[in-house]
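For reference, the chains in residue letters:
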Amino acid sequence: MERMNGPSLQLRHLPLATTAGPRPAHEDSFSYKENLIGALLAIFGHLLISIALNLQKYGHIRLAGSKDHQVYFKTKTWWCGLFLLFLGELGVFSAYAFAPLSLIVPLGVVSVIASAIIGIIFIKEKWKPKEFLRRYVLSFIGCGLAVVGTYLLITFGPNSHETMTGENITKHLVSWPFLLYTLVEIITFCLLLYFYKERKANYIVVILLLVALLGSMTAITVKAVAGMIVVSIQGNLQLGYPIFYIMVVCMVATAASQATFLTQASQLYDASQIASIGYILSTTIAITAGAIFYLDFTGEDVLNICLFALGCLIAFLGVFLITRNKRKSILFEPYISMDAMPGMQNLHDNGTAVQPDLKASFSYGALESNGAISEIYSPATLPIVQEEHGSRGAPVPPYRITEHNKGE
């Protein structure tokens, strides 16, 4: 009886040992290929998005500087940028169907790197090599750190690959960790919204936290929708599940709400601050949501998780240095150009020019630099001389502007 019980116990434990053991090598290679495809699609998409936005901005600047009052959407540059923007968004959307959420979200750093490089290339001013390196040393260091962080993210990213079917998404949606996370996120969002709307707490962290909380739900729904579409294309139709349309509605609603809060933030704060703080907050919360909803880091080694977190921190530091190097925009104060008024181009008040001749022009973006303007000159008062006329009945002009010739 003892001999018969021994083998039976061994056979009973065999399936458990097989289940708990490592995955076959072909499955690991297949998951790595899917991760690589998703990462390349995300990098390509963010690169196209950055080029498209800078191209459209370049078109607006050219249109503003030209005498031809043409509508922007009638120009080829704007439509070319819109087409590249559509391709970029499609690439990022497709990337969520192949790679885990926690891997795709941090790759938004590629857009920041591309914008920094495009901004340096399109600068019109000529700099000496030493002066150029000294001025943009932070951008170079930030781009290098961002590239290193991106490499760590791709190499040590999570390898969890689950078929995005309606049953799997519904199972994750009603799991108690995600329900608890959703409850905490709703409470936090309501509190932040209360302080922002009622208490007028217009801090950049408050606004971008609202954006990040909405963005985490957008990332979850985008991955679900993209995954179900890919599974349907492969032959297993998933469009008949109600969860698909629920995810589509949540995706559109949260994306539109994000755009609203980002517009409000851009009216109050500098774009570089929004880019750096928004990227850090959105990436951190989205990775947390992906780890809870899709269980991205389940079964991963501790070393891989630590190196992935290190890659995120390095990418955060790179984005901070890139955006830190950008100068604050100079507020434009409208004035009447002296060149537009004949005979009044040499007005003086105590020997100082009323309107200094600034060769640099005000513009936005990185296509033209305003670094040559050391300070904003305040307009001086015009000289006032009162005249007295001989006849008392004639009206007395209150002011007379004196005009100096070049020879004086």
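What counts and how
- Residues numbered from 1 in each chain as written.
- Predicted model: local features only at pLDDT ≥ 70, side-chain atom pairs only at ≥ 80, totals over all residues.
- Heavy atoms only, no water.
- Helix = DSSP H or I, 4+ residues; strand = E, 2+ residues; numbered from the N terminus.
- Buried < 20%, exposed > 50% of the residue type's maximum accessible area, 1.4 Å probe, protein only.
- Contact = heavy atoms within 4.5 Å.
- Expected span 1.5 Å × (residues − 1).
- Core = buried A, V, L, I, M, F, W, Y, C linked by side-chain atoms within 4.5 Å.
- Phe/Tyr/Trp six-rings, centres within 6.5 Å; stacked < 30°, edge-to-face > 60°.
- Lys NZ or Arg CZ within 6 Å of the ring centre and 35° of its normal.

Some points on the overall build of the protein
Argument step 1. When helices and strands are tallied, the protein shows 13 helices and 2 strands.
Argument step 2. Counting across all 408 residues of the protein, residues that qualify as buried make up 36%.
Argument step 3. A sequence separation of at least 24 residues applies to 77% of the contacts in the protein between residues at least 6 apart.

A look at helix H13 (residues 302-324)
Argument step 1. An ideal rise of 1.5 Å per residue puts 33 Å on 23 residues; H13 measures up with 33 Å between its terminal C-alpha atoms.
Argument step 2. Those residues of H13 that sit buried are Phe 308, Gly 311, Cys 312, Ile 314, Ala 315, Phe 316, Gly 318, Val 319, Leu 321, Ile 322 and Thr 323.
Argument step 3. The secondary structure elements touched by the buried residues of H13 are helix H4 (101-104), helix H5 (109-121), helix H7 (137-155) and helix H12 (271-293).

Quick notes on the side chain of Ser 111
Argument step 1. You can see Ser 111 is positioned in helix H5.
Argument step 2. Residue contacts for Ser 111: discarding those within four places in its chain leaves His 46 and Ser 50.

Some points on the nonpolar core
Argument step 1. Counting residues in each nonpolar core, the largest one holds 53 residues, and the members touching the most others are Tyr 96, Ile 169, Ile 220 and Phe 261.
Argument step 2. Elements represented by at least two residues in this core include exactly helix H2 (25-65), helix H3 (76-98), H4, helix H9 (176-197), helix H10 (204-233), helix H11 (242-268) and H12.
Argument step 3. In this view, Tyr 96 contacts Leu 101, Ile 104, Val 105, Ala 219, Val 222, Lys 223 and Ala 226; residues no more than four positions away in its chain are not counted.
Argument step 4. One finds Ile 113, Ala 146, Phe 308 and Val 319 within the second-largest nonpolar core, a separate group that totals 17 residues.

Side note on the packing of aromatic side chains
Argument step 1. Summed over all chains, the structure comprises 9 aromatic pairs.
Argument step 2. Centre to centre, the rings of Phe 244 and Tyr 245 are 5.2 Å apart; their planes meet at 85°, and the pair counts as edge-to-face.
Argument step 3. Accessibility expressed as a relative area gives 9% for Phe 244, which makes it buried.
Argument step 4. Lys 223 extends its terminal NZ or CZ atom over the ring of Tyr 294, reaching a point 5.7 Å from the ring centre.

Some details on unusual backbone geometry
Backbone geometry follows two general trends: most residues other than glycine have a negative phi, and most peptide bonds adopt the trans configuration.
Argument step 1. The phi torsion at Lys 200 lies on the positive side, around 55°, for a residue other than glycine.
Argument step 2. Here Lys 200 lies in the loop between H9 and H10.
Argument step 3. Backbone geometry places Leu 295, a non-glycine residue, at a positive phi of 55°.
Argument step 4. Here Leu 295 is to be found in the loop between H12 and H13.

Brief notes about the environment of Glu 89
Argument step 1. Its place among the elements puts Glu 89 in helix H3.
Argument step 2. Assessed through its relative accessible area of 44%, Glu 89 is described here as partly exposed.

Examining H12
Argument step 1. Counted at 1.5 Å a residue, the expected span for H12 with its 23 residues is 33 Å, and the 31 Å between its end C-alpha atoms agrees.
Argument step 2. Directly beyond the C-terminal end of H12, a positive phi value near 55° is found at Leu 295.

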